[in-house]
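Here is what each chain is made of, one letter per residue.
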Amino acid sequence: MQRAYVTALYEIIKKNKNVISCLSDSGTDYDEMIAREFPEQVINFGISENNQVAAAAGMAATGKIPFVYTTSAFIAYRSYEFLRDDICLQNRNVKLIGMGTGVSWSTLGATHHTTEDIALLRSLPNLTVITPASPKELEEAVKAAYKHIGPVYIRMGMSGEKEIYDDNYDFELGKNVVIKDGKDLTIFTTGSIISEVLEVAEKLENDGISARIVNIHTLKPLDVDNIIYECKKQKNIVSIEEHNIIGGLGTAIADTILGNNIYVNLTKIGLEDNFAEGFGSKNDVLKSNRLNSFCIYQKIRKSI
């Protein structure tokens with residue numbers, strides 16, 4: 001995912017000298033390549049995320065287009081006041097890239113997990129929130145964020161996410177994507193946990209249950225029309241997210257269902273009002289928190 005991000009950013013920086021890459025000692029070899037070629041368009045703030053976000057707001061006020069890249073937990077939590085007051089309140093054209101969302105920082109524990117950021121940031125006026133599921137989708141999301149005038153937050157996984165799209169994938173901001181068709185239930189998901197969801201669908205198929213999978217890559221603005229359409233087609237709806245079920249994807253879907261008087265069985269799968277437990281690989285942490293494919297499969301079977 002990091003390579004996909006920097007590849008997209010490199011092409012943008014080449015075309016527009018007003019685009020600035022803002023780092024906080026969190027760059028990669030790819031970022032160093034950009035810094036060597038475009039030294040005036042890369043600023044490393046060190047471990048100073050609040051200053052990084054506040055400075056980006058100031059840059060945007062002068063016509064620059066800063067891309068703020070750092071650990072997602074530090075953007076969403078540590079710099080929340082600066083994000084709210086300096087960027088969203090002023091509606092500044094800043095792009096925030098949070099790396100390592102969900103439980104990607106699996107060896108560092110709950111302090112580095114980002115499992116409440118959707119709830120926090122979807123509530124901020126003017127902010128667009130995107131959660132790409134694969135490298136290709138991330139690359140296209142970065143291009144879309146650049147074209148969009150206003151603040152954007154991109155939640156970026158960091159666990160060797162597999163590609164689920166071909167080169168012809170057409171990303172459209174605010175439009176859901178049907179990954180797999182099915183007639184027995186619809187699964188809404190977002191972000192890199194889609195790899196687990198695809199495995200769940202295979203397990204369900206072996207039981208004779210056909211699951212439709214819808215990828216919600218844009219959490220704000222939400223594709224309300226598609227959610228209404230999907231919920232009116234199916235009796236059983238499932239939301240799956242690498243996030244607390246309070247305030248996350250499942251809550252957004254529930255609000256849509258309630259607001260449009262749709263009668264459907266909704267099962268929300270994610271962290272159940274708790275911080276993620278365990279350490280090790282990401283797969284280890286998902287398993288410890290019953291968010292791996294087998295545990296999700298069991299929850300869905302029980303719900304239907």
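Everything in this summary refers to the structure shown in the same document. Predicted, not measured: the structure shown is a model, and the values here were computed from it. (Residues numbered from 1 in each chain as written. Predicted model: local features only at pLDDT ≥ 70, side-chain atom pairs only at ≥ 80, totals over all residues. Heavy atoms only, no water.)

### Quick notes on the overall build of the chain
- Of regular secondary structure, the chain possesses 12 helices and 12 strands.
- Its C-alpha atoms give the chain a radius of gyration of 19 Å, near enough to 19 Å, the size a compact globule of 304 residues would have.
- Referenced to the eigenvectors of the C-alpha coordinate spread, the extents of the chain come out at roughly 60 × 40 × 35 Å.
- In the chain, buried positions account for 57% of the 304 residues.
- Looking at the chain alone, contacts between residues at least 24 apart form 77% of all its contacts between residues at least 6 apart. (Helix = DSSP H or I, 4+ residues; strand = E, 2+ residues; numbered from the N terminus. Rg over C-alpha atoms; globule rule 2.2 N^0.38 Å. Buried < 20%, exposed > 50% of the residue type's maximum accessible area, 1.4 Å probe, protein only. Contact = heavy atoms within 4.5 Å.)

### Regarding unusual backbone geometry
- The residue after Lys220, namely Pro221, is reached through a cis peptide bond having omega 0°.
- The backbone of Asn261 sits at a positive phi, close to 55°, despite the residue not being glycine.
- Structurally, Asn261 can be placed in the loop between helix H10 (249-259) and strand S12 (265-271).
- You will see that Asp273, though not glycine, has its phi angle at about 60°, which is positive.

### A closer look at the side chain of Asn226
- Residue placement: Asn226 occurs in helix H9 (residues 224-233).
- Given a relative accessible area of 15%, Asn226 falls into the buried group.
- One polar contact links Asn226 to Asn176, side chain to side chain, over a distance of 2.8 Å.
- Each residue touching Asn226, except ones within four places of it in the same chain, is listed here: Asn176, Phe188 and Val214. (Polar contact = N/O pair within 3.5 Å; in protein donor to acceptor, adjacent residues only side chain to side chain.)

### Structural notes on the packing of aromatic side chains
- A complete count under the given rule lists five aromatic pairs for this structure.
- Relative to Tyr297, the ring of Phe294 lies with its centre 6.3 Å away and its plane at 40°, an arrangement referred to as tilted. A residue pair is termed a helical-turn pair when its members lie 3 or 4 positions apart in one helix, as Phe294 and Tyr297 do in helix H12 (residues 293-303) at three residues.
- Using a relative accessible area of 16% as the deciding quantity, one classes Tyr297 as buried.
- Taken together, the aromatic side chains of Tyr165, Tyr169 and Phe171 make up a single cluster linked through ring pairs.
- The ring of Phe74 is capped by Arg78, whose NZ or CZ atom sits 4.0 Å from the centre of that ring. (Phe/Tyr/Trp six-rings, centres within 6.5 Å; stacked < 30°, edge-to-face > 60°. Lys NZ or Arg CZ within 6 Å of the ring centre and 35° of its normal.)

### Here's the deal with the sheet that holds strand S9 (residues 211-215)
- Read from one edge to the other, the open sheet built from five strands follows the order S7-S9-S8-S11-S12, with strand pairing classed as mixed. One side of each edge strand has no neighbouring strand; the edge strands of this open sheet are strand S7 (177-180) and S12. On average, each strand axis in the sheet is tilted by 25° relative to the strand beside it, whichever way the strands run.
- Strand direction decides the pairing type here: strand S8 (residues 185-189) and strand S11 (residues 236-244), joined by four bridges, are parallel. In the strand pairing of S11, Ile187 is matched with Val238.
- Of the strands in this sheet, S7, S8, S9 and S11 are in contact with helix H8 (residues 194-206), which crosses S9 at around 170°. (Pairing = 2+ DSSP bridges. Axes fitted to C-alpha atoms, helices over the stretch in contact; angles between N-to-C directions.)

### A few points about the packing of helix H3 (residues 49-61) against helix H5 (residues 80-88)
- Their axes nearest at 9 Å, the elements H3 and H5 cross at an angle of 5°. Compared by their axis directions, H3 and H5 come out roughly parallel. Here H3 contributes Asn50, Val53, Ala54 and Ala57 to the contact with H5, which in turn contributes Phe82, Leu83, Asp86 and Ile87.
- Taken together, the residues that form the contact of H3 with H5 break down as six nonpolar, one polar and one charged. (Parallel < 35°, antiparallel > 145°, perpendicular 65-115°, else oblique. Nonpolar A, V, L, I, M, F, W, Y, C, P; charged D, E, K, R; others polar.)

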